[in-house]
Every structure is written in structure tokens, then in C-alpha cells.
Amino acid sequence: MGNLFSRMKQTISADFHDLLDKKEQKNPIGMLNQYLRQCEQETEKVGKLLERQYLLKEEFTREYNQAQNLAEKRKHQAEIAKQSGETDLMEFAVKESLHYEERAQSLKEAHKSAEVQLAELERKYEEMKHKLKDMHLKRLELMGRENIARANNRINRVLDGGSSEAKPVAMFEEMEHYIDRIEHQVHTDYNRHTIDARIVQLEKELEQKEA
């Protein structure tokens with residue numbers, strides 16, 4: 001039991017920053033989730049051990065009560081055998097009574113020890129659950145920070161452009177120049193068409209005057 005809690009203490013007390021600062025890890029949040037799953041599994045194991053300790057405590061109680069009852073029963077039987085003059089039966093009953101009393105005393109001490117161990121186990125188990133909850137909240141905080149960092153990174157890429165891509169300003173300037181060229185071409189074609197139509201109209205008017 002002591003080795004288990006020593007191992008759990010080392011696991012629960014691990015430094016998050018050491019985990020996240022490993023440059024070779026491509027997905028620190030994924031590694032953190034895996035770490036938390038391992039902690040959850042260890043906490044679940046301790047919970048099962050706690051349940052087992054409750055059962056052992058109850059078993060000690062049952063055995064103690066049974067030994068006490070048998071000791072009292074043999075004492076009563078020894079008294080009856082004594083009154084009846086059955087010496088052998090009395091000696092056997094007395095011997096049995098002492099045996100059950102010794103067993104009851106041993107079980108009483110074991111029961112007391114189990115209660116102390118159970119109380120300590122409950123305290124450590126609650127501490128583990130609180131620590132695990134704190135780590136889940138810390139994970140949410142880190143996930144939020146990662147999400148903001150990713151969002152800001154994408155925003156910066158849109159606003160500032162990438163090192164291997166054209167700057168947004170240059171892209172928009174190129175688009176404006178393209179539109180300007182199109183508008184100039186449309187305007188020129190319009191003027192050309194307008195001039196040609198006007199000349200034709202003037203020629204018709206001159207011909208009419210001459211006629």
C-alpha cells in the first residue's frame with residue numbers, strides 16, 4: 001500500500017511545464033490528455049482499493065463479533081459443565097473460551113489498525129481527486145490559451161501574410177491595378193464608340209444640309 005501511494009504521489013506531483021516544454025512533442029495538449037487519463041486510471045485503482053478496505057473492515061467486525069460470542073458461549077458451557085461435575089468437558093470449554101478470547105483480542109487490534117489505515121486511505125484518496133480536478137481545470141486553461149494562440153496565428157497570417165506568400169497589401173494593390181486597367185479599357189472603348197457614332201451622325205446632318 002505504501003509503495004502504491006509513493007508512486008501515486010510521484011505521478012500526481014509531476015510538473016506540467018516540463019511535459020509541455022518538450023520540443024520533440026508535436027502535440028503537447030494530446031500528451032497532456034494522455035497523462036491525465038493515466039492519472040484517472042490510477043485514481044480509479046485507488047478507489048477500488050478503498051472499497052476493498054471497507055469490505056475488509058466489515059469482515060474484521062464480523063469475525064470479532066463471532067469470536068466474542070463463541071468465547072461467551074464456551075464460558076457459559078464451562079460453568080454448566082462445572083456445576084454438573086463434568087471436569088473434562090469443563091476444561092475443554094475453558095480452553096475453547098480462552099482461545100476465542102485471544103482471537104477476539106487479535107481481531108480487535110486488526111480492526112483498529114484497519115480503521116486507521118482506512119482513514120488515511122480516505123484522506124489520500126480525496127487529495128488525489130482534488131488534485132485530479134485541479135489538473136483538469138489547468139488543462140482547460142491551457143486548451144483555451146492554445147486556442148487563442150492558434151486563432152491569433154491565423155489572424156496574423158491573414159493580416160500580415162506569410163513568409164512564402166505575397167503580402168495582403170501587395171495582393172490588394174495588384175487587384176486594384178487590374179481593375180483600373182479593365183475600367184480604363186472599358187472607358188476607352190466607350191469613348192471610341194461614342195466618337196464613331198457622333199461622327200456618323202454629323203456626316204448625316206451635313207449630307208442633309210447639302211441636299
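Residues numbered from 1 in each chain as written. Predicted model: local features only at pLDDT ≥ 70, side-chain atom pairs only at ≥ 80, totals over all residues. Heavy atoms only, no water.

Filter applied, for reference: UniProt positions are given in the numbering used here, feature names are shortened, and annotations may be inferred rather than shown by experiment.
Identification of the protein chain as Modulator of lia operon expression from Peribacillus simplex is taken from an unreviewed UniProt entry. For the record of the protein chain, the UniProt heading Sequence similarities (unreviewed entry) holds the text "Belongs to the PspA/Vipp/IM30 family."

### Brief notes about the pattern of salt bridges
Formally: What counts as a salt bridge is simple: a side-chain nitrogen of Lys or Arg found within 4 Å of a carboxyl oxygen of Asp or Glu. In DSSP terms, a helix is any run of H or I states spanning at least four residues, a strand is any run of E spanning at least two, and both are numbered starting from the N terminus. Burial status follows relative accessibility: with a 1.4 Å probe on protein chains alone, a residue under 20% of its type maximum counts as buried, one over 50% as exposed, and anything between as partly exposed.
Counted by the stated rule, this structure contains twelve salt bridges. In this structure, the salt-bridge partner of lysine 48 is glutamate 44, at a minimum N-O distance of 4.0 Å. Placement of both lysine 48 and glutamate 44 in helix 3 (residues 28–83) is noted, with a separation of four residues, approximately one turn of the helix. Residue class for glutamate 44 comes out partly exposed when judged on its relative accessible area of 48%. Where glutamate 141 meets lysine 138, a salt bridge forms, and the shortest distance between an N and an O atom there is 3.8 Å. Within this pair, glutamate 141 and its partner lysine 138 are both found in helix 4 (residues 87–160), separated by three residues, close to a single helical turn. By relative accessible area, lysine 138 is classed as partly exposed at 24%.

### Focus on the nonpolar core
Quick note on the threshold: Only buried residues count toward a nonpolar core, which is a set of Ala, Val, Leu, Ile, Met, Phe, Trp, Tyr and Cys residues joined through side-chain atoms within 4.5 Å.
The biggest cluster of nonpolar side chains holds eight residues, and these are Ile29, Leu32, Tyr35, Leu36, Cys39, Leu132, Met135 and Leu142. Counting only elements with at least two residues in this core, the list comes to helix 3 and helix 4. With five residues, helix 3 is the largest single contributor of residues to this core. Among the nonpolar cores identified, the runner-up in size contains six residues, and Val46, Leu50, Leu121 and Tyr125 belong to it.

### Regarding the UniProt feature "coiled-coil region" (unreviewed entry) in the protein chain
Those residues carrying the UniProt feature "coiled-coil region" (unreviewed entry) are residues 32–77 and 104–138 in this numbering. What you have in residues 104–138 is 100% helix and 0% strand, and the ends, taken at the C-alpha atoms, are 50 Å apart.

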